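# Tertiary structure, described
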Amino acid sequence: MAPDDDGNPKRTSRSVFVDITPLRASPAFAKLWTGTSIAQIGAQVTIVAVGLHVYALTESTLAVALVALWALGPMILAGFVGGALADTYDRRLVALVTAIIAWGSICVMALIAFLDVSVTWPYYVLAAVNAASATILGATRGAILPRLLSPQLLPAAAALSGITMGLAITVGPAVAGVLVASVGFPWTYLLDAVLFTGAFLGILSLPKMVPDGERKAAGFGSVVESMRFLRTAPNVRATFVWDLIAMILGTPRVVFPAAGALVLGGGPVTVGILTASFAIGALLSGLFSGPLGGVRRQGRAVTVAIAAFGACTALFGVVLLCTGIIAGPASPNEPLVPAIVLAGLALAGTGAADNVSAVFRTTILQTAAPDDVRGRMQGLFYVVVAGGPRIGDLLAGGIATLIALWAPPLFGGVLICVTMLILARTARGFMRYDAHAPTP
């Protein structure tokens, strides 16, 4: 395999399967990716286990919802603060310190579970600390990758990260359910603590990584300066705006429980199938992501992928609408298998399209943003990822309550498609974005 201009191995032909060249080109990236993959499975185990544990302690769905609500504020704050830290200090050190804090929160959670602590507030606090630490760690890791790989390999690296997340979301909840039922909550948390040590494998192998360019103190002024940069960076800004459109208008997950009970039948089992379908779609699109590395017009690719996301979301709404009209009210004990299969396929399509969009948005963000603001842009990326779906949940819940369960995905999906069509005709600069000549 011949090297490219940067000395990295390049592929002479493109396969439909995921490009693993980044793993061969950079041993540091390979270790970081491997460690992250192991740690993220454990993270998904704990996310599910905390929800089950709080419900076991309170028998309240609202109490379970408060776990995510308590974590949202710290996650958003951590996105801004973490990005500023990554643009000020040695990124390896920032990643290592936050990983230690995240790991410590998991260990304490396991400890208090072994001690049979039955009040919920410690679990809320520890879940929030863990989520905030993971946000800073993720933002820092995103700023590190362009220093490990050439720009040509970043799409493949993003696709590999998509596989990691798809696998974690698919495997983690299943493992959590089995472990909670068989060995209990303390041992389930302990498994995450063991798996999270994989994160240290990748971080400790990194070289010292001080940000390039002028460094400012990690404070409010640094965050304000990054906002000024964003005003003059239309391509970077577009990655955030496009994603917010998709997440706010196309997040129908809050209708899953009612869909399983009232429309599709099957109850919790159907909810699990619908949730897993999205993750499986993301995983499969990652496995067959080889051709993505050859796409130059990445802004156009983001727009097309989000339009496909909207179309699949609307299809899910059509399935709910037609099933309700044809079959009438469903029973949790009598699943409508054909309708569940169609709904699952539609949601798998949304997962695949979302992952393709994420590959290109991540690549644009990592290549177009200068190194001295890259950490803050990655932090803002995590703020958008955390905040957008939650706004979408609120909107979908309101529309479903006022109209019907099929309305949020159907109306939202159609509106996404129409918006992407308008943006494809008006945002010409983003449509012309060239991966071979990235500009912010």
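Preceding block: the structure.
Residues numbered from 1 in each chain as written. Predicted model: local features only at pLDDT ≥ 70, side-chain atom pairs only at ≥ 80, totals over all residues. Heavy atoms only, no water.

### Topic: the overall build of the protein
Summing up its helical and strand segments, the protein has 16 helices and 0 strands in all. The C-alpha radius of gyration of the protein comes to 21 Å, within 12% of the 22 Å expected for a compact globule of 440 residues. Summarising its shape, the C-alpha atoms of the protein cover approximately 60 × 55 × 45 Å along the three principal directions. Counting over 440 residues, the protein shows a buried share of 53%. Pairs at least 24 apart in sequence give 86% of the contacts found in the protein among residues at least 6 apart. Of the charged side chains in the protein, 26 are positive and 19 negative, and the gap between their average positions amounts to 8 Å. (Helix = DSSP H or I, 4+ residues; strand = E, 2+ residues; numbered from the N terminus. Rg over C-alpha atoms; globule rule 2.2 N^0.38 Å. Buried < 20%, exposed > 50% of the residue type's maximum accessible area, 1.4 Å probe, protein only. Contact = heavy atoms within 4.5 Å. Lys, Arg positive; Asp, Glu negative; His and termini not counted. Charge placed at Lys NZ, Arg CZ, Asp CG, Glu CD.)

### Some remarks on the packing of helix α9 (residues 234-249) against helix α13 (residues 337-368)
Between α9 and α13, the least distance of the axes is 9 Å, while the angle of their chain directions is 155°. Taken together, the axis directions place α9 and α13 in an arrangement best described as roughly antiparallel. Here α9 runs over α13; the crossing is left-handed. Contact residues: Asn 235, Val 236, Thr 239, Phe 240, Asp 243 and Met 247 in α9; Asp 354, Arg 361, Ile 364, Leu 365 and Ala 368 in α13. (Axes fitted to C-alpha atoms, helices over the stretch in contact; angles between N-to-C directions. Parallel < 35°, antiparallel > 145°, perpendicular 65-115°, else oblique. Left-handed = near helix turned anticlockwise from the far one by under 90°.)

### Points about the pattern of salt bridges
A full pass over the atoms with the stated rule returns 7 salt bridges. In this structure, the salt-bridge partner of Arg 376 is Asp 87, at a minimum N-O distance of 2.8 Å. Taken together, the residues span a long stretch of sequence, with Arg 376 in helix α14 (residues 371-402) and Asp 87 in the loop between α3 (61-86) and α4 (91-114) at a distance of 289 residues. Using a relative accessible area of 8% as the deciding quantity, one classes Arg 376 as buried. Overall, the relative accessible area of 2% leaves Asp 87 in the buried class. The partner of Arg 361 in a salt bridge is Asp 243, with the nearest N and O atoms 3.4 Å apart. Residue Arg 361 is located in helix α13, and its partner Asp 243 is located in helix α9; the two are separated by 118 residues in the primary sequence. Each of the salt bridges in this network shares a partner with another, and the network as a whole consists of Asp 87, Arg 91, Arg 147, Asp 371, Arg 374 and Arg 376. (Salt bridge = Lys/Arg side-chain N within 4 Å of Asp/Glu carboxyl O.)

### Some words on the environment of Leu 77
Mapping Leu 77 onto the fold places it in helix α3. Here the alpha-carbon distance between Leu 77 and Gly 379, two residues 302 residues apart in the chain, equals 9.3 Å.

### Things to note about α9
Taking 1.5 Å as the rise per residue, α9 with 16 residues should run 22 Å; its terminal C-alpha atoms sit 22 Å apart, in good agreement. Inspection of α9 places Asn 235, Val 236, Ala 238, Thr 239, Phe 240, Trp 242, Asp 243, Ile 245, Ala 246 and Met 247 among the buried residues, and these make up the whole buried set. (Expected span 1.5 Å × (residues − 1).)

### Focus: the packing of aromatic side chains
Scanning all chains against the criterion turns up 8 aromatic pairs. Aromatic side chains Trp 70 and Tyr 124 sit 6.1 Å apart centroid to centroid with 10° between the ring planes, which places their arrangement in the stacked category. Of this pair, Trp 70 sits in helix α3 while Tyr 124 is found in helix α5 (residues 121-148), placing the two residues 54 residues apart along the sequence. By relative accessible area, which is 9% here, Tyr 124 ends up buried. (Phe/Tyr/Trp six-rings, centres within 6.5 Å; stacked < 30°, edge-to-face > 60°.)

### Brief notes about the side chain of Thr 303
With respect to the helices and strands, Thr 303 occurs in helix α12 (residues 298-327). The residues contacting Thr 303, other than those within four sequence positions of it, are Trp 242, Met 420, Ala 424, Phe 430 and Met 431.

### Quick look at the packing of α4 against α5
It is at 8 Å that the axes of α4 and α5 come closest, and there the two elements cross at 155°. One way to sum up the angle between α4 and α5 is to call them roughly antiparallel. In this structure, α4 crosses over α5, and the sense of that crossing is left-handed.

### Structural notes on the nonpolar core
For soluble globular proteins, nonpolar side chains are generally found buried alongside one another. Ranked by internal contacts, the top residues of the largest apolar core, which has 39 residues, are Val 236, Phe 240, Trp 242, Met 377 and Phe 430. Of all elements in the fold, only α6 (154-182), α8 (220-231), α9, α12, α13, α14, α15 (407-426) and α16 (428-431) reach the threshold of two or more residues within this core. The contacts of Met 377, once residues within four sequence positions are left out, are Ser 226, Phe 229, Leu 230, Val 236, Phe 240, Leu 365 and Ala 369. Core analysis: the second largest hydrophobic core is formed by 29 residues, Leu 137, Ile 144, Ile 163 and Ala 193 among them. (Core = buried A, V, L, I, M, F, W, Y, C linked by side-chain atoms within 4.5 Å.)

### Quick notes on unusual backbone geometry
One non-glycine residue with positive phi stands out, namely Asp 116, at about 60°. Residue placement: Asp 116 occurs in the loop between α4 and α5.

### Details of helix α10 (residues 256-263)
Of all the residues in α10, the buried ones are Phe 256, Ala 259, Gly 260 and Val 263. What you see down the axis of α10 is that its buried residues fit within an arc of 120°, all on one side. Gly 265, located one to two residues past α10, shows a positive phi value of around 80°. (Arc of directions from axis to C-beta.)

### Regarding the environment of Trp 103
Examined against the element boundaries, Trp 103 turns out to sit in helix α4. For the pair Trp 103 and Gly 51, spaced 52 residues apart in sequence, the C-alpha to C-alpha distance is 19 Å. Those residues in contact with Trp 103 that lie beyond four places of it in its chain are Ala 193, Phe 196, Thr 197 and Phe 200.

### A few points about a positive patch on the surface
Taken together, the side chains of Arg 297, Arg 300, Arg 425, Arg 428 and Arg 432 define a basic patch exposed on the protein surface. With respect to the secondary-structure elements, Arg 297 resides in the loop between α11 (268-287) and α12. (Patch = residues over 30% accessible without salt bridge, like charges linked within 9 Å, V, L, I, M, F, W, Y side chains within 5 Å. Areas by Shrake-Rupley, 256 points an atom, 1.4 Å probe, with all protein chains shown as cover.)

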